[in-house]
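Listed below are the residues making up each chain.
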Amino acid sequence: EETKDRMIRWAKNAGLTAIDFGNLLRANLASIDMSYLRQQAFLIPGHPIEFTHSFKDSLKAMWSKEYAQGIDHTIRNHPYQQFYAGGPDFLRALDSPTAKAWEREESFLILTGGDRPLQKLAQKMPWLNISNRAFVTGINKMNWDLYAHYVDTLLDMNRQIAEGTLRKYPSQVLNIKKSADTYAGMLADMSGRGPLGPLKELSPALNAGFFSVRLNIGRLISPRHMFHGDPMVRKEAIRNFITAIGLYSGVLFAGQQMGLWDVEADPRSSDFMKFRLGRLRFDPWGGHQQFAVLYGRLLPVVGGIKSGKTGEVSDYDPVEGGARFLRSKAAPLVSQVITAWTGKDFKGSEIDRADWQRWLKDNAPLLAQDMIEGFEAEGMLGLFAGVPGAFGVGVQAQPPTLNDVARELYGLDYHQIPTKGAGAEAR
């Protein structure tokens, strides 16, 4: 019996160590940047004042643990916590040793204050703690300001109803808790805190296997709030989506018209609504773009997949495409294991298993990866790709394709160049 208990304990410790290692790699990738801006991508354009305040506090919290704790204390002791308690949880725990894993930011789950070896190691890595403070303070401050303003509006409406000055609700009192919870749910989804339901206690294991589970769930289901039964929340959701899409699209197409960059407007392409500078691709959409591409490829009206190499459109296999999409969402540790096992990356390209520099680069912070890939692709100009990358813009470098060359020389996709007659020599 004692041997059996010892084996069970060893197996449990081995499993927890694997989970901790996966979450340590995840935290390292997410560090050394202002990545909370990526989570707030669809909330920032419609709320510039709240964003400005949160950004200032995030910078201060980065260098002062006491300042971050002060902001957190103010939020946790705000009178409106009476409405927030028990509802959707858009707030992230900062450094409370009693907080449960699902209450923390999933990018930094390794910083739980536990006593396992890798947890202790993470607590001694200053760049992880700095990044966690900046992330949690920035996102909590902005979302709480939005939530508090919404509750202020509800309370003011109830006052006007009681006074009889708000004739839209002549004999009705608003259910503040219910409406506040609905708004909190919208903030949670749009800021990457999608619901886990009964699986929330398994958050550490889920995030060791998948890259930001709650973020991806939130991105997937956040459009639902534009059709919500609560008219106030529905109006806020529509405002957020239209403002963000309008601003980002306007900037992208304005830059294209001025000749600053190129923009791919076909939703079947993986480069959809990214702007291209040479071999660099920039994604300002905070993770929403990937789901827009998935929807574009699956919708019968659009359908198909556009090749990034030739520009040709072919049928989209939802099973194969879905598997590849899930592979792209694997956590760093799982992705590296699959890559090492198959000898191919998630795009299906062959890799050199013995290339230690590649493994080192793939596990460096995302900001460092952006700068390295940018420099390899475009020299010193590409090195500055780290600037937008530091503020939540996705950056990717890729080798020149037939499509890139064809567009540069002829202004056409490669598959559009004639195979016979005039222009055929371009093939």
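Rules used in this analysis
Numbering of residues starts from 1 in each chain and follows the order in which that chain's sequence is written. Per-residue local features of the predicted model are confined to residues with pLDDT of at least 70, and side-chain atom pairs are confined, for both listing and counting, to 80 or more; whole-chain, interface and lining totals are unaffected and use all residues. The basis for every side-chain value is the complete set of non-hydrogen atoms in the structure, without hydrogens or water. The secondary structure listing takes helices from DSSP runs of H or I that are at least 4 residues long and strands from runs of E that are at least 2 residues long, numbered from the N terminus. Contacts are residue-level and defined by heavy atoms, with any inter-residue pair within 4.5 Å sufficient. In short, Shrake-Rupley with a 1.4 Å probe defines the accessible areas, and a residue's cover is counted only from the protein chains shown. Surface patches are drawn from residues lacking salt bridges whose relative accessible area is over 30%; two like charges belong together within 9 Å, two nonpolar side chains (Val, Leu, Ile, Met, Phe, Trp, Tyr) within 5 Å. Definition used for salt bridges: Asp or Glu carboxyl oxygen within 4 Å of a side-chain nitrogen of Lys or Arg. The cut-offs for exposure are 20% and 50% of the maximum accessible area for each residue type, with area from a 1.4 Å probe on protein chains only; residues under the lower value are buried, those over the upper are exposed, and the others partly exposed. Strands qualify as paired when DSSP identifies two bridges or more between them. Stacked, edge-to-face and tilted labels apply to pairs of Phe, Tyr and Trp rings (six-membered ring for Trp) whose centres lie within 6.5 Å, assigned for plane angles under 30 degrees, over 60, and everything in between, in that order. Helices are assigned an expected span. That span is 1.5 Å times one less than the residue count. Polar contacts, as counted here, are pairs of nitrogen or oxygen atoms within 3.5 Å of one another; within protein the pair requires one atom able to donate a hydrogen and one able to accept it, and residues that are adjacent in sequence qualify only if both atoms are side-chain atoms. To get an axis, fit a line to the C-alpha atoms, keeping to the stretch in contact for a helix; angles then go from 0 to 180 degrees between the N-to-C directions. An angle counts as roughly parallel when it lies under 35 degrees, as roughly antiparallel when it exceeds 145, as roughly perpendicular when it falls between 65 and 115, and as oblique in every other case. Helix crossings get a hand from a simple test, with the near helix turned counterclockwise from the far one by less than a right angle marking a left-handed crossing and a clockwise turn marking a right-handed one. Charged means Asp, Glu, Lys or Arg here, nonpolar means Ala, Val, Leu, Ile, Met, Phe, Trp, Tyr, Cys or Pro, and polar covers whatever is left, Gly included.

A.B. asks: Looking at this structure, I do not really get the overall build of the chain. What am I missing?
C.D. replies: Within the chain one finds 19 helices and 6 strands. Across the chain, every contact between residues at least 6 apart in sequence was considered, and the portion connecting residues at least 24 apart equals 63%. Summing over all exposed atoms, the chain offers an accessible surface of approximately 21,800 Å²; the carbon and sulfur share of this is 62%.

A.B. asks: Just checking my understanding: could you explain a nonpolar patch on the surface for this structure?
C.D. replies: Among the surface-exposed residues, Phe375, Met380, Phe384, Val387 and Phe391 lie close enough to one another that they form a single nonpolar patch of about 530 Å² accessible area. Examined against the element boundaries, Val387 turns out to sit in helix 18 (residues 386-390).

A.B. asks: What is the right way to read the pairing of strand 3 (residues 280-283) from this model?
C.D. replies: Residues Leu280 and Phe282 of strand 3 are buried on one face, and the alternating residues Arg281 and Asp283, pointing to the opposite face, are buried as well. Where strand 2 (residues 275-277) meets strand 3, 3 bridges bridge the pair, whose relative direction is antiparallel. Note that in strand 3 the partner of Arg276 across the bridge is Arg281. Linkage of strand 2 to strand 3, two consecutive antiparallel strands, is achieved through a turn of 2 residues, within which Gly278 is found at a positive phi near 60°. Here 4 bridges tie strand 3 to strand 6 (residues 394-397), and the two strands are oriented antiparallel to one another. Residue pairing for strand 6: Leu280 is matched across the bridge by Ala397.

A.B. asks: Please explain the packing of aromatic side chains as it appears in this structure.
C.D. replies: Here a ring pair, both rings aromatic, is described through the centre-centre distance and the interplanar angle of the planes. In this structure the tally under the stated criterion is 17 aromatic pairs. Between Phe90 and Trp144, the aromatic rings sit 6.3 Å apart at their centres with planes inclined by 40°, giving tilted as the arrangement. With a gap of 54 residues between them, Phe90 in the loop between helix 5 (81-84) and helix 6 (117-123) and Trp144 in helix 7 (residues 126-163) connect regions that are remote in the sequence. Ring plane angle 5° and centroid distance 4.1 Å describe the contact between Tyr150 and Tyr183, whose orientation is recorded as stacked. One end of the pair, Tyr150, is in helix 7; the other, Tyr183, is in helix 8 (residues 176-190), with 33 residues separating them in the sequence. Of the two residues examined, Tyr150 and Tyr183, each falls in the buried class. Chaining the aromatic ring pairs together yields one cluster made of Phe42, Phe241, Tyr248 and Trp285.

A.B. asks: Please clarify how helix 8 should be interpreted in this entry.
C.D. replies: Because the α-helix completes a turn every 3.6 residues, residues three or four places apart line up on one side. When the terminal C-alpha atoms of helix 8 are compared, their 21 Å separation across 15 residues agrees well with the 21 Å that a helix rising 1.5 Å per residue should span. For helix 8, the tally of buried residues reaches 13 of 15 residues, placing the bulk of the element in the interior. Measuring from the backbone nitrogen of Lys177 back to the side-chain oxygen at the start of helix 8 gives 3.4 Å, which picks out Asn175 as the cap. Positive backbone phi, at 85°, marks Gly192, one or two positions downstream of helix 8.

A.B. asks: Where do I start with the environment of Lys124 in this structure?
C.D. replies: Note that Lys124 resides in the loop between helix 6 and helix 7. Separated by 13 residues in sequence, Lys124 and Leu111 place their C-alpha atoms 9.8 Å apart.

A.B. asks: I would appreciate a short explanation of the packing of helix 3 (residues 48-63) against helix 7 in the present structure.
C.D. replies: Helix packing for two helices is described by the angle between their axes and how far apart those axes are. Where helix 3 meets helix 7, the closest approach of the two axes is 8 Å, and the angle between their N-to-C directions is 155°. Here helix 7 runs roughly antiparallel to helix 3, going by the angle between their axes. Here helix 3 runs over helix 7; the crossing is right-handed. Together, Glu50, Phe51, His53, Ser54, Asp57, Ser58, Ala61, Met62 and Trp63 of helix 3 and Ile130, Arg133, Ala134, Thr137, Gly138, Lys141, Met142, Asp145 and Leu146 of helix 7 make up the contact between the two elements. In terms of residue class, the contact of helix 3 with helix 7 is made up of 8 nonpolar, 5 polar and 5 charged.

A.B. asks: Please explain the environment of Arg407 as it appears in this structure.
C.D. replies: Summarising the element assignment, Arg407 is placed in helix 19 (residues 402-410). With sequence-adjacent residues up to four places away left out, Arg407 is seen in contact with Glu264, Arg276, Lys306, Leu412 and Asp413.

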